[in-house]
Amino acid sequence: MSDEFTLGRIFINLLIATKWTIILSIIAFVFGGIAGFLIMMMRISPIKPIRFLSWVYVEFFEGTPLLLQLFLAFFGVSVVFGINLSPLVAATIALTAFTSAFLADIWRGAVEALPKGQWEASSALGFGYFKKLRYIILPQAVKLAIAPTVGFLVQVIKGTSLASVIGFTELSRAASQINNVTLKALLVFALAGAIYFLLCYPLSLWSQRVEQRLNQQAH
Amino acid sequence: MTQFETSGSSVATATEAAIVARDVEKWYSNGFHVLKGVSLTVNKGEVVVLMGPSGSGKSTFIRTFNALEPFQKGSIEVDGILLTPKLKNVDAIRREVGMVFQQFNLFPHLTVFENVSIAPIQVRNMPKAKADEITTQLLERVGILHQAKKYPGQLSGGQQQRVAIARALAMQPKIMLFDEPTSALDPEMVREVLDVMRSLASSGMTMVCVTHEVGFAREVADRIIFLADGLLVEDTTPAEFFNNPKSDRTRKFLSQILH
Amino acid sequence: MGYAFDFSVIRDNIGLFVAGALLTFRVSLIAIAFGLILGIIGALFRTSGNRILNAVTLAYVEVIRNTPFLIQLFFIFFGLPKLGIRLNAEQAAILSLAINFGAYSTEIVRAGVESIPKGQIEAAMALGFKPLKIFRYIILTPALSNIYTALTGQVILAVLFTSVVSQIATEDLTFAGDFLNSRTFRSFEIYFTVCLFYLAIVWIIKGFAYWIERRFFEFAKYSRR
Ligand SMILES: Nc1ncnc2c1ncn2[C@@H]1O[C@H](COP(=O)(O)OP(=O)(O)O)[C@@H](O)[C@H]1O
Ligand SMILES: [Mg+2]
């Protein structure tokens, strides 16, 4: 049995599963980005109850483990609503919640890092609230937010590995399954780690570059 | 402002040298020849002002006196101690030499009082009570005692620099080095710092000051040294320096700072 | 919705949750302590000026930061025995968490050391301070105050990461939830309660961090950089 699994075959099987890691990452990032933007808008809202609601949301999903969020989505939601969610749907829900909370926090930080004078100056020019955001605040905040956002994308990719625990077959689950059959743990998990590294490291580098460039401009 | 007492004998005899630098040469690690053989003798009780264009090596030169900068050729003797790379001598010399920096360099996590008392306690192993007594006296003399419990960040630049002077004096040094102590200050704060320095000079402290404060130099300095491109160009009295400069380099410099 | 929430399962098994929480707490504490030591050593290597030490440490930092913790855990738990190193689940959990925390804290501590202006150290040298006392009295407190926000964040992430060690049957808080879930099918109540336990731990850490800030880093309010 195990001699069927040559190095080449292990690698190819892992690569096939990597497709799902990438797809899940993209789904999480797109949905999480959209939800995160809305939560961020709520976080900086002038209306207190709205701010409070979004604070609770961010506090909960930043303050609890992603693994538990996956369990809540997979086991909890099916029990409460009496529907059976597939691992992919459950993982999408949990990763979206997780990603949106962190992105909302990162983006709020970028907005709040802008000098108060920017709000005041645009008020003085007679901009309404949403025009202020659209034309003055957000374009500047985007610049500050790029590096931490790309950096967080790495956390999302790594986070998708936990979807394996609720039975979604992506890179980590494939690695576990291959390990169960071949018992070549060092090789299999090193290979899986290497694939994750190849996905994540370029993004990390990019994030560092952007941040350095921003710091140089500031000085 | 009250007078300072200098440790040791307050009356200096002209024959005793506090600092003797002979043909000091220094290259930075990038190969830049910053000091090209500078000799200078500072007598005890003397106030020497060092002037020169930016980048001429003034900071580098006075920082060799307390071994903040190593040098490659020549020799330096401070209070009779030969400055060698050996750590033992470095410690001995740093005990005799106080330094005041352009950027104050106060310790942000210590209160004003602790900034002054920490070195006597931790470096000189002075009993805390004694260090506190000295600190109180010094802060009173520089006029900051009422701010003793504040952190440096809560003080103005001029106040911070006065604390920095008190901090250096708390080690009871025989020699004080000043590296552009008023250059980072807003104009209205320059005077309060110069007043403290004046008072220190009249107490008989040996001082080497890098400064472009012409009034201070004319009034307080015994000698003025002019440094350009790592060379000592002029070593003369303030009157000679300002009224009758010898070199073109000095004249050009003076025309720039005197407008 | 027709579902009737029933939290009695929590009440009946509270001992299980508390035991799990205690294990989570212990594993976190030990792993973070060792990880911080690793981080301080790593930061020394990164700032040592020695090229080889710097490169090796940087490789460690980047490999750990760019691979999932789950894979690191499996590599250590399933892989090390192949090299003849026997670890029980808890030891493997602590080891992998410490290695993980060490990588992140290396960069945090390095940033802290590098945040101290050179003039601070020169002023201390001019006053006659020797290197060890410069580190203890001049560098340590400002450096800690510069990094403690980042360090607190990383500690919280590390505690949340510990949930993953349930996957190698370490009997932590998450494992307690899994165990009950397989027996009672009160999934939502159980996992929600486990989440609240983690939230409580996170808030305790945040409160402690706030206390430290007030107690030791008050000066930082005034020193603008
Ligand atoms: N660490 C260093 N490495 C290389 N060159 C330096 C270094 N520090 C200072 N210099 C150069 O040495 C020259 C003298 O510097 P400095 O002594 O600070 O001059 P001054 O105090 O007279 O303005 C300057 O040209 C400066 O650029
Ligand atoms: Mg200078």
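See above for the structure.
Rules of the game
- Residues numbered from 1 in each chain as written.
- Chains lettered and ligands numbered in written order.
- Predicted model: local features only at pLDDT ≥ 70, side-chain atom pairs only at ≥ 80, totals over all residues.
- Heavy atoms only, no water.
- Helix = DSSP H or I, 4+ residues; strand = E, 2+ residues; numbered from the N terminus.
- Buried < 20%, exposed > 50% of the residue type's maximum accessible area, 1.4 Å probe, protein only.
- Near = heavy atom within 4 Å.
- Polar contact = N/O pair within 3.5 Å; in protein donor to acceptor, adjacent residues only side chain to side chain.
- Areas by Shrake-Rupley, 256 points an atom, 1.4 Å probe, with all protein chains shown as cover.
- Phe/Tyr/Trp six-rings, centres within 6.5 Å; stacked < 30°, edge-to-face > 60°.
- Pairing = 2+ DSSP bridges.
- Contact = heavy atoms within 4.5 Å.
- Axes fitted to C-alpha atoms, helices over the stretch in contact; angles between N-to-C directions.
- Buried area = accessible area lost by both parts, 1.4 Å probe.
- Salt bridge = Lys/Arg side-chain N within 4 Å of Asp/Glu carboxyl O.
- Nonpolar A, V, L, I, M, F, W, Y, C, P; charged D, E, K, R; others polar.

1. Quick look at unusual backbone geometry
Look at L183(A): it is not a glycine, yet its phi comes out positive at around 60 degrees. Secondary-structure assignment places L183(A) in the loop between α7 (171-182) and α8 (185-218). A positive phi angle is found at Q172(B), which is not glycine, with a value near 50 degrees. Take Q172(B): it is sitting in the loop between α5 (157-169) and β7 (175-179). Given the relative accessible area of 37%, Q172(B) is considered partly exposed.

2. Structural notes on the site of ligand 1
All names here are of chain B. Around ligand 1 sit Y28, N30, F32, V34, P53, S54, G55, S56, G57, K58, S59 and T60, and those are all the residues in its vicinity. Here an oxygen atom of ligand 1 sits 3.2 Å away from a polar atom, N or O, in the main chain of S56. Here an oxygen atom of ligand 1 and a backbone polar atom of G57 are 3.0 Å apart. In the complex, 62% of the free accessible area of ligand 1, which totals 560 Å², lies under the protein chains.

3. Structural notes on the packing of aromatic side chains
In the structure shown here, the tally under the stated rule is 32 aromatic pairs over all chains. Ring plane angle 20 degrees and centroid distance 5.3 Å describe the contact between F102(A) and F152(A), whose orientation is recorded as stacked. Separated by 50 residues along the polypeptide, F102(A) in helix α4 (residues 87-112) and F152(A) in helix α6 (residues 129-159) bring together distant segments of the chain. Residues F102(A) and F152(A) agree in their burial class; the two are buried. Seen from their ring centres, F69(C) and F161(C) are 5.4 Å apart, and the 5 degrees between their planes marks the pair as stacked. Residue F69(C) is located in helix α4 (residues 69-79), and its partner F161(C) is located in helix α7 (residues 131-161); the two are separated by 92 residues in the primary sequence.

4. Overview of the pairing of strand β9 (residues 223-228) of chain B
Residue and element names in this part refer to chain B. Counting buried positions along β9 gives 6 out of 6 residues, so the element sits mostly inside the fold. Alignment of β9 against strand β10 (residues 231-236), held across 5 bridges, turns out to be antiparallel. Opposite L227, over in β10, you have L232 as the bridge partner. Hairpin geometry of β9 and β10 is characterised by an intervening segment of 2 residues between the two adjacent antiparallel strands and by a positive phi of about 50 degrees at D229.

5. Observations regarding the sheet that holds strand β5 (residues 81-82) of chain B
Residues and elements named next belong to chain B. Here 4 strands make up an open sheet; going across it, the order is β2-β1-β4-β5 and the pairing antiparallel. Looking at which strands have only one partner, the edges of the open sheet turn out to be β2 (33-43) and β5. Here strand β1 (residues 17-27) runs beside strand β4 (residues 73-78); their pairing, made up of 5 bridges, is antiparallel. Residue pairing across strands places V20 opposite E77, the latter belonging to β4. Running at roughly 55 degrees to β2, helix α1 (residues 58-65) makes contact with β1, β2 and β4 of the sheet.

6. So, the interface of chain C and chain B
Taken residue by residue, the interface counts 22 residues in chain C and 26 residues in chain B. A per-residue breakdown of the area chain C buries against chain B is headed by A126(C), L127(C) and Y222(C), which together make up 27% of the total. Across the contact surface, chain C and chain B share 2 salt bridges. Applying the counting rule to chain C against chain B returns 6 residue pairs in polar contact (both at pLDDT 80 or more). Secondary-structure elements contributing two or more residues to the side of chain C that touches chain B are α6 (118-126) and α7 of chain C. Classifying every residue of the side of chain C that touches chain B gives 11 nonpolar, 5 polar and 6 charged.

7. Here we look at the interface of chain C and chain A
At the interface, 40 residues of chain C touch 40 residues of chain A. A buried area of about 3,400 Å², summed over both sides, lies between chain C and chain A, and 76% of it is on carbon and sulfur atoms. In this structure, the connection of chain C to chain A is made through 1 salt bridge. The shortest N-O distance in the salt bridge between K206(C) and E59(A) comes to 2.8 Å.

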